[in-house]
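Residue strings, one per chain:
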Amino acid sequence: MALYIGTNSASLSAQRSLISSQNNLQTSFERLSSGSRINSAADDAAGLAIASRLKAQASGLQVAQRNAANGISLVETADSALGTMTDLLTRGRDLVLQYSDGTLSTSDKSAIDAELADINTELDRVRTKSTFAGVNLLDGSFPDGAEVSNLGTGVSIAIDAAGTTVSVALDSTLGSYSFTTGNESVGDSAAAAGDAAQALTNATTVATFDTYMNAVNKARAEFGALANTFQSAIENLAAIEQGVTAAAGRIMDTDFARESAELAKNQILQQAGTSILAQANQSTQSVLSLLQ
């Protein structure tokens, strides 16, 4: 058997194995300490690309859920304002009906006219001043740049990660108005609710209030339907986010049971490699016995 001291093949083999076990041990340390299976592109290039795309989608789904929640807040604010208008219109309708009571004195009728004037003022204030985050809700105006492609004036709210939008139409059918018993002129320029904008030049009747209340109720129904749409969108987005996040986690997250077993194996291999390397380095000492 030939003996060499210039090249120690056993030592080189032990070093190569030791380097491999040390690299694997380092990888196990990184995965267990970070909780992530992929800490650099070198760990799993394809997996990193897929997981990054899934994480971006999940992030977009979270934003879309917040958008839809803001949409619910917007339409609920508008609905609350319309609810106030309904209460005022109901009171005005009662006053007009009461005005026809022949037992009322002139002062009684004047008091009714005064209250109707106050109702006119409050209705106009609610219609023109109700806002959400600076967006006028009921007077048909909105911030510059809030273009909506399908439903005319209003605002668009993205409800999914792809940027699909739902339009909230704010060009309300509620117009200006003037409710009066005919005893005296009350309010601003006369116009009824609805697209026809029927003039109210004569004394307001119960039917006129009913017409306006129908317009308010129609607007409330539209806002209520939108609130349900946004809520359904949130539930759907949450379900999709759950699936996407779970898929990304299966790629990126560390399996601690498997990785702890790998750690134990690599630690043993490192210790064994170090021991074998020491023995391989001592193997050439036998040459000295031939030189004695």
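Residues numbered from 1 in each chain as written. Predicted model: local features only at pLDDT ≥ 70, side-chain atom pairs only at ≥ 80, totals over all residues. Heavy atoms only, no water.

Turning our eyes to something else, we now look at the packing of helix α1 (residues 9-34) against helix α5 (residues 256-282). For any two helices packed against each other, one specifies the inter-axial angle together with the distance between the axes. Contact geometry of α1 with α5 gives a least axis separation of 8 Å together with a crossing angle of 155°. The pairing of α1 with α5 is recorded here as roughly antiparallel in orientation. The two elements α1 and α5 meet at a crossing, and its hand is left-handed. A per-class count over the contact of α1 with α5 returns 12 nonpolar, 13 polar and 3 charged. (Axes fitted to C-alpha atoms, helices over the stretch in contact; angles between N-to-C directions. Helix = DSSP H or I, 4+ residues; strand = E, 2+ residues; numbered from the N terminus. Parallel < 35°, antiparallel > 145°, perpendicular 65-115°, else oblique. Left-handed = near helix turned anticlockwise from the far one by under 90°. Nonpolar A, V, L, I, M, F, W, Y, C, P; charged D, E, K, R; others polar.)

With that settled, consider the environment of Ile-159. Mapped onto the fold, Ile-159 is located in the loop between β3 (154-158) and β4 (165-169). The buried category is assigned to Ile-159, whose relative accessible area is 15%. Once you skip the residues sitting within four places of it in the chain, Ile-159 turns out to touch Ala-64, Ala-68, Thr-164, Val-166, Phe-230, Ala-233 and Leu-237. (Buried < 20%, exposed > 50% of the residue type's maximum accessible area, 1.4 Å probe, protein only. Contact = heavy atoms within 4.5 Å.)

The next subject is the packing of helix α2 (residues 45-99) against helix α3 (residues 106-129). It is the contact of α2 with α3, at a shortest axis distance of 10 Å, that shows an interaxial angle of 160°. Between α2 and α3, the angle is such that the two are roughly antiparallel. The two elements α2 and α3 cross, and the hand of that crossing is left-handed. Residue-level contacts link Ala-81, Thr-84, Met-85, Leu-88, Leu-89, Arg-91, Gly-92, Leu-95, Val-96, Gln-98 and Tyr-99 of α2 to Lys-109, Ile-112, Asp-113, Glu-115, Leu-116, Ile-119, Glu-122, Leu-123, Val-126 and Arg-127 of α3.

The subject of this paragraph is the packing of aromatic side chains. Applying the stated rule across the entire model yields 0 aromatic pairs. Between Lys-109 and the ring centre of Tyr-99, over which it is positioned, the NZ or CZ distance is 5.0 Å. (Phe/Tyr/Trp six-rings, centres within 6.5 Å; stacked < 30°, edge-to-face > 60°. Lys NZ or Arg CZ within 6 Å of the ring centre and 35° of its normal.)

Now for unusual backbone geometry. For Ala-133, which is not glycine, the phi torsion reads 55° and is therefore positive. Mapped onto the secondary structure, Ala-133 falls in the loop between β1 (131-132) and β2 (135-136). Judged by its relative accessible area of 74%, Ala-133 is exposed.

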